[in-house]
Amino acid sequence: MEYQNIIEVVNISKKFGSRQILKDVNFTCESGKIYGFVGYNGSGKTVLLKCICGLLQIDSGKILVRGKAVGEELIGDAGIIIEHPAFLMNVSGRKNLELLYMINHKIDRSKIRQVMELVRLDADSGKKVRDYSLGMRQRLAIAQVIMEDPGILILDEPMNGLDKQGIQEMREILRDLKQEGRVILLASHNREDIEILCDKVYEMDILSM
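For clarity, every value in this text was computed on a predicted model and none was experimentally measured.

(A) Just helix α2 (residues 93-101), in detail. Every buried residue of α2 is listed here: Gly93, Asn96, Leu97, Glu98 and Tyr101. Looking at the buried residues of α2, the elements they touch are α3 (109-118) and α4 (134-146).

Spelled out as structure tokens, the structure:
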């Protein structure tokens, strides 16, 4: 069944103790578009994305992904980067991707090489992840989320640690993924990234409050 709105967020609210983080938040997301969420630290960007992923339970309202309510489990068909990606530090980037890929698939080394080349990482390097720069780890995280061709990408500060060239390359990757018909949710404190990439932007400090 085809859905015009891949993601529907309807009147959701979330508190931590007495602190209201999200209140009556509403929006929808269609395929082939990038949605930006911008705001200062603590404005609720990460909390919102965690709720959509199923990592946090909302207090009220509902979240639908392809018409199915998000519950206590992670949503399917989604590549997710939230906070610090977890990798095995004592093996190479390629080995990390191979192990993660084998959870759901037979090993496909050509696929792993392809996604590493896409994010400008050397697939033949034996460098351990513990010796990666922050930017290299962020590239590896992007490779991880796209290697299974998810229809939804949920990315929290994906440009962290990238230099100017790396940011430009990542923007090009996200534009290509958008053209392939994916829906992309992008949270960032960098307004330039948001303005350049996004079809619609939500200011989290005033989002449906």
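(B) The arrangement of the sheet that holds strand β6 (residues 78-81) in detail. The sheet built from five strands is open, its strands ordered β6-β7-β8-β3-β9 with parallel pairing. The open sheet terminates on both sides in strands that have one partner only, identified here as β6 and β9 (200-203). Between one strand and the next, the sheet's axes are offset by a mean angle of 10°, whatever the strand orientation. Pairing analysis gives five bridges linking strand β7 (residues 152-156) to strand β8 (residues 183-188), with the strands arranged parallel. By the bridge assignment for β8, Ile154 is matched with Leu185.

(C) Seen up close, the pattern of salt bridges. This structure, assessed with the given rule, holds 16 salt bridges. Between Asp149 and Lys111 there is a salt bridge, with the nearest N and O atoms lying 3.0 Å from each other. Placement of the pair is Asp149 in the loop between α4 and β7 and Lys111 in helix α3, with a sequence separation of 38 residues. Classification of Asp149 as partly exposed rests on a relative accessible area of 44%. On the basis of relative accessible area, Lys111 is assigned to the buried category, the value being 14%. For Glu169, the salt bridge goes to Arg139, with nearest N and O atoms at 3.1 Å. With Glu169 in helix α5 (residues 164-179) and Arg139 in helix α4, this pair connects stretches of sequence that are 30 residues apart.

(D) The packing of α4 against α5, seen in detail. Interaxial distance between α4 and α5 falls to 12 Å at its minimum, and their mutual angle equals 10°. Here α4 is positioned roughly parallel relative to α5, judged by the angle of their axes. Residue-level contacts link Arg139, Ile142 and Ile146 of α4 to Gly166, Glu169, Met170 and Leu177 of α5. Tallied by class, the residues present in the contact of α4 with α5 amount to four nonpolar, one polar and two charged.

(E) A look at the packing of α2 against α4. Direction vectors running N to C along α2 and α4 enclose 25°, while the axes themselves pass 10 Å from each other. If you check the angle between α2 and α4, you find them roughly parallel. Taken as a pair, α2 and α4 cross one another with a handedness that is right-handed. Mapping the contact onto sequence places Gly93, Leu97 and Leu100 in α2 and Leu140, Ala143 and Gln144 in α4. Class assignment of the residues belonging to the contact of α2 with α4 gives a composition of four nonpolar, two polar and no charged.

(F) Molecular detail of unusual backbone geometry. Residues other than glycine seldom take positive phi values, yet Asn11 does so here, at roughly 50°. Tracing the chain through its elements places Asn11 in strand β1 (residues 7-16). On the accessibility criterion, Asn11 (39% relative accessible area) is partly exposed. The phi dihedral of Glu157 is positive, around 55°, even though this residue is not glycine. With respect to the helices, strands and loops of the structure, Glu157 is situated in the loop between β7 and α5.

(G) Structural context of the sheet that holds strand β5 (residues 68-69). Spatially, four strands are ordered β2-β1-β4-β5 in an open sheet, and the strand pairing comes out antiparallel. Both outer strands of the open sheet, β2 (19-29) and β5, are each paired with one neighbouring strand and no more. Summarising the sheet, β1 and β2 pair through seven bridges and their orientation is antiparallel. From the neighbouring strand, Glu8 faces β2, where its bridge partner is Thr28. Across the face of the sheet, helix α1 (residues 45-53) comes into contact with β1, β2 and β4 (60-65) while running at roughly 60° to β2.

(H) Structural detail: the pairing of β8. Counting buried residues in β8 gives six out of six residues, a clear majority hidden from the surface. Here β8 shows no split at all, with Val183, Leu185 and Ala187 on one side and Ile184, Leu186 and Ser188 on the other all buried. Bridge count between strand β3 (residues 33-38) and β8: six bridges; the pairing is parallel. The residue bridging Val38 from the neighbouring strand is Ser188, located in β8. Considered for its hand, the β-α-β crossover made up of β7, α5 and β8 is right-handed.

Quick notes on the rules
Residues numbered from 1 in each chain as written. Predicted model: local features only at pLDDT ≥ 70, side-chain atom pairs only at ≥ 80, totals over all residues. Heavy atoms only, no water. Buried < 20%, exposed > 50% of the residue type's maximum accessible area, 1.4 Å probe, protein only. Helix = DSSP H or I, 4+ residues; strand = E, 2+ residues; numbered from the N terminus. Contact = heavy atoms within 4.5 Å. Pairing = 2+ DSSP bridges. Axes fitted to C-alpha atoms, helices over the stretch in contact; angles between N-to-C directions. Salt bridge = Lys/Arg side-chain N within 4 Å of Asp/Glu carboxyl O. Parallel < 35°, antiparallel > 145°, perpendicular 65-115°, else oblique. Nonpolar A, V, L, I, M, F, W, Y, C, P; charged D, E, K, R; others polar. Left-handed = near helix turned anticlockwise from the far one by under 90°. Right-handed = clockwise from strand over helix to strand, strands pointing away.

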